[in-house]
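# Secondary and tertiary structure notes
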Amino acid sequence: MVIVNGVVIALLGAGVFFTLVGSIGLLRFPDFYTRLHATGKCDTLGGGLVILGGMIYHFFHYPETLLVPAKLAFLIFFIFIANPTATHAIMKAAYKTGVEPWRLGEERR
Amino acid sequence: MRLKEKRFGIFLTFCIMALFWVLLSGIFDAFHLISGLVCCAIVAILSHDLLVKGKSEKRLLKSLRLILYIPWELWQIVLANVDVAYRVLHPKMPIDPLIIEFETTLRGEFSLVTLANSITLTPGTITILVEPEKGKFWVHAIAKEPADALLVDQTMQRKVAHVFMETRVETETQEAFE
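Fair warning: this is a prediction, and the values are worked out from it, not measured in the lab. (Residues numbered from 1 in each chain as written. Chains lettered and ligands numbered in written order. Predicted model: local features only at pLDDT ≥ 70, side-chain atom pairs only at ≥ 80, totals over all residues.)

### As for the overall build of chain A
- A tally of regular secondary structure across chain A gives three helices and zero strands.
- For chain A, the succession of helices and strands along the chain, N to C, is α-α-α.
- What you see for chain A is a C-alpha radius of gyration of 18 Å, clearly larger than the 13 Å of a compact globule of 109 residues, by over 25%.
- Based on the C-alpha atoms only, the size of chain A along its principal axes is roughly 55 × 25 × 15 Å.
- Restricting to contacts in chain A with at least 6 residues of sequence separation, those with at least 24 account for 70%. (Helix = DSSP H or I, 4+ residues; strand = E, 2+ residues; numbered from the N terminus. Rg over C-alpha atoms; globule rule 2.2 N^0.38 Å. Contact = placed C-beta atoms within 7 Å.)

Here it is, written out as structure tokens:
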């Protein structure tokens, strides 16, 4: 159980770290497109790792309800499909409405 | 042949729906199972062409290759996150965004979606636009190295083309027929 808890804590910690990095990137990066780079990638893996941690915890502590980890696995699957698709949709909308991409040396917006 | 494809599509959709029903409900008495199966049958007949589209050869082999492709993709996602974390936390923020265009040999809807989502999830690149007729991609890259990975190495394009067996461009023959 100690090993399981350690693994779960490591997974949750890594997930929280990547989500935090995504938020910092959202604030630090200079324009619309680069900010989407930070959120679009970090939220996917961060959320996935947190859910994976919950899955492992539930699997070892409550082995009588195995359906819950299965449902959580579906959640991870759908997040990994929906997140890049949504990022791409926002990116396309910005590109089509003419948001200028930031180039190196310009002032941040 | 056409009818056989349609029946296979309905059957496959029905199986996936039934699997989902059983997993999500978790109640195994006769009433819930039968009502679930009836609902699955209705949904499968009405909307099978949303999930299983048209004719496609070697579906099993493609699925197998897709399953082998997923672990590589997951590793790329981890690399992408480490890359973004490095660029975010570095005091000087080493970014130099640019937009690149390139053409691929892919034409199928599912393969284009797979490549577009893979590009978005892998280090430093996000898909902006896709033109299905030419297999053309517009990609926003956060720095020069990720752009070169797509333009010069083309590892990902080759892997996706291998999965969906669309390594050759078949536009010439199609144009000849039209």
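### Structural notes on the overall build of chain B
- Broken down by element type, chain B carries seven helices and three strands.
- Expressed as a percentage of the 178 residues in chain B, the buried residues total 26%.
- Nonlocal contacts in chain B, meaning residues at least 24 apart in sequence, comprise 68% of its contacts between residues at least 6 apart. (Buried ≥ 20, exposed ≤ 12 C-beta atoms within 10 Å, placed from the backbone.)

### Some words on the domain arrangement of chain B
- Segmenting chain B into domains produces domain 1 (2-51) and domain 2 (59-177).
- Each of domain 1 of chain B and domain 2 of chain B has a C-alpha centre, and the two are 33 Å apart. (Domains from an automatic or database assignment.)

### A closer look at the interface of chain A and chain B
- Taken together, the 30 residues of chain A in the interface contact 26 residues of chain B.
- Ranked by residues supplied to the side of chain A that touches chain B, first place goes to helix α3 (residues 67-96) of chain A with 11 residues.
- When its residues are assigned to classes, the side of chain A that touches chain B shows 17 nonpolar, eight polar and five charged. (Nonpolar A, V, L, I, M, F, W, Y, C, P; charged D, E, K, R; others polar.)

### Some words on the environment of Ile95 of chain B
- Among the structural elements, Ile95 of chain B can be located in the loop between α3 (59-89) and β1 (98-103).
- Here Ile95 of chain B falls in the partly exposed class, since 19 other C-beta atoms lie within 10 Å of it.
- With residues up to four places along the chain from it excluded, the contact list for Ile95 of chain B reads Thr34 of chain A together with Arg87, Ile142 and Ala143 of chain B.

### Details of the packing of α3 of chain B against helix α6 (residues 155-164) of chain B
Residue and element names in this part refer to chain B.
- One can describe the packing of α3 onto α6 by two numbers: an axis separation of 8 Å at closest approach and a directional angle of 155°. It follows from the interaxial angle that α3 and α6 lie roughly antiparallel. Side by side, α3 and α6 meet where Lys62, Arg65, Leu66, Tyr69 and Trp72 of the first sit next to Lys159, His162, Val163 and Phe164 of the second.
- In terms of residue class, the contact of α3 with α6 is built from five nonpolar, one polar and three charged. (Axes fitted to C-alpha atoms, helices over the stretch in contact; angles between N-to-C directions. Parallel < 35°, antiparallel > 145°, perpendicular 65-115°, else oblique.)

### Points about the pairing of strand β2 (residues 125-131) of chain B
- Counted residue by residue, β2 of chain B has five buried out of seven residues, so it is predominantly covered.
- Connecting β2 of chain B to the antiparallel partner strand β3 (residues 136-141) of chain B that follows it, the hairpin turn spans four residues, and Gly135 of chain B within it adopts a positive phi of roughly 65°. (Pairing = 2+ DSSP bridges.)

### Brief notes about helix α4 (residues 109-121) of chain B
- The terminal C-alpha atoms of α4 of chain B lie 18 Å apart, and with 13 residues this matches the ideal 18 Å at 1.5 Å per residue to within 8%.
- Among the 13 residues that make up α4 of chain B, 10 are buried, leaving the element largely enclosed by the rest of the structure.
- Those residues of α4 of chain B that sit buried are Ser111, Leu112, Thr114, Leu115, Ala116, Asn117, Ser118, Ile119, Thr120 and Leu121 of chain B.
- Along its buried surface, α4 of chain B packs onto α2 (32-61) and α3 of chain A together with α3, β2, β3 and α6 of chain B. (Expected span 1.5 Å × (residues − 1).)

### Digging into the nonpolar core
- Counting residues in each nonpolar core, the largest one holds 22 residues, and the members touching the most others are Leu115, Val139 and Val160 of chain B.
- Of all the elements in the fold, those that place two or more residues in this core are α2 of chain A together with α4, β2, β3, α5 (144-153) and α6 of chain B.
- In this structure, Val139 of chain B is in contact with Ile100, Ile119, Thr125, Ile126, Thr127, Ile128 and Leu150 of chain B, ignoring residues within four places of it in sequence.
- Listed in part, the 15 residues of the second largest apolar core include Phe18 and Leu45 of chain A together with Val84 and Leu121 of chain B. (Core = buried A, V, L, I, M, F, W, Y, C linked by C-beta atoms within 7 Å.)

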